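Below are the chains, spelled out letter by letter.
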Amino acid sequence: MPAGKTLRESYFPAIEKRYGKTMKYWFSIIDKISDEKYPEQIKYLREKFGFSQTHANALIMYKKGSKSAQRFTTVKDYYSSIDPLQVKTIKSILRSLTSKFPDLDLVIAWNYPMLKIENSYVFGVSTAKNHILIAPWDAKTFKKYAKKFVGCKINKKTIGVPNDWVVDKKLLQEMINYSLASTKS
C-alpha cells in the first residue's frame, strides 16, 4: 500500500482472512466497546482477538468516521499543523538538503515530510512537542552519523534535535551524500 494514501478499508480483506470473521461481525464488536477510549479499544482487540496494532487501528478509526490514514496531502498542510518554530527549523533542514541534492523529491509519506529519490526514501522529519526528529532511512547511514549529532537525543532510528536547532548543513549534507552513495552500491 502506498505510504500516506492508505484507505482504512484496504485492510478489511486481510482482517476478515486473518481473524476469520466478517467486517459486519467486527463492527458489532466495536459497537459493544464504543464507550471505551481509543487505547482501551485497541487493547481489547489485541488481547481478546489477537489483532495487530495496524488492523485494530484501521477498524476503530474507520468506525469513528476516518476513512483514510492520510492527514496531510502537502508539506504546507503539514506545516500548518505544527509550531511555527518547528516549521522554521524543518524548512531550514529540508532546504539545506534539497539545495545540495536537487534530484531529491519532497513528499508527504506516513503523514510526514520525506525526501526521496525515485522509489527510495532517503530522509524524513517528524515532530513532537519539544523536539524535531530527523531520520536517514539507511540503517548504515544512521549508525555512522548519529553519534556526530552531539548533544542531541539518539533514538533507535531517529535523532531528536531541539525545535530551535541551529541546522548543521554540512553534517546533514555529508550524511545524505553517504546515504545516496550507499543506495547506489
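Keep in mind that what you see is a predicted model, and the values were worked out from it rather than measured. (Residues numbered from 1 in each chain as written. Predicted model: local features only at pLDDT ≥ 70, side-chain atom pairs only at ≥ 80, totals over all residues. Heavy atoms only, no water.)

Digging into the packing of helix α1 (residues 12-19) against helix α2 (residues 23-32)
One can describe the packing of α1 onto α2 by two numbers: an axis separation of 10 Å at closest approach and a directional angle of 90°. Accordingly, the angle class assigned to the pair α1 and α2 is roughly perpendicular. Here F12, I15, E16 and Y19 of α1 come into contact with α2, specifically with M23, W26 and F27. The residue inventory of the contact of α1 with α2, partitioned by class, reads 6 nonpolar, no polar and 1 charged. (Axes fitted to C-alpha atoms, helices over the stretch in contact; angles between N-to-C directions. Helix = DSSP H or I, 4+ residues; strand = E, 2+ residues; numbered from the N terminus. Parallel < 35°, antiparallel > 145°, perpendicular 65-115°, else oblique. Contact = heavy atoms within 4.5 Å. Nonpolar A, V, L, I, M, F, W, Y, C, P; charged D, E, K, R; others polar.)

Concerning the packing of aromatic side chains
Under the criterion given, the structure shown has 14 aromatic pairs. Pairing Y19 with W26 gives two aromatic rings, centres 6.2 Å apart and planes at 80°, and the pair type is edge-to-face. With centroids separated by 5.5 Å and ring planes inclined at 35°, the aromatic side chains of Y121 and W137 adopt a geometry described as tilted. Taken as a pair, Y121 in strand β3 (residues 120-127) and W137 in the loop between β4 (131-136) and α7 (139-145) lie far apart in primary sequence, 16 residues in all. On the accessibility criterion, Y121 (23% relative accessible area) is partly exposed. (Phe/Tyr/Trp six-rings, centres within 6.5 Å; stacked < 30°, edge-to-face > 60°. Buried < 20%, exposed > 50% of the residue type's maximum accessible area, 1.4 Å probe, protein only.)

Structural notes on the layout of surface pockets
Taken as a whole, the second largest pocket holds about 280 Å³ of empty space. Along its surface, the second largest pocket is lined by 16 residues, and A135, P136, W137, K157 and T158 are the ones closest to its centre. Sorting the residues of the lining of the second largest pocket by element identifies β2 (112-117), β3, β4 and α7 as the ones contributing at least two each. No other element matches the 4 residues that β4 contributes to the lining of the second largest pocket. Taken together, the residues that form the lining of the second largest pocket break down as 10 nonpolar, 3 polar and 3 charged. (1 Å grid on protein atoms, 1.4 Å probe; cavity = no way out; pocket = protein on both sides within 12 Å on 5 of 7 lines; lining within 4 Å. Points joined across faces, edges and corners; volume = space filled by probe spheres on them.)

Topic: the environment of I132
Here I132 shows up in strand β4. As for I132 and V87, which are separated by 45 residues in sequence, their C-alpha atoms are 9.8 Å apart. Non-local contacts of I132, meaning those with residues more than four positions away in its chain, are made with Q86, T89, I90, S126, T127, I159, G160, V161, P162 and N163.

Digging into the pairing of β2
With 5 bridges joining them, strand β1 (residues 105-109) and β2 adopt antiparallel strand pairing. Note that in β2 the partner of L106 across the bridge is L115. Remark: 2 residues form the turn of the hairpin made by β1 and β2, two consecutive strands paired antiparallel; W110 in that turn has positive phi of roughly 55°. Of the strand pairs in this sheet, β2 and β3 are connected by 4 bridges, and their pairing is antiparallel. Following the sheet pairing, I117 is matched in β3 by S120. (Pairing = 2+ DSSP bridges.)

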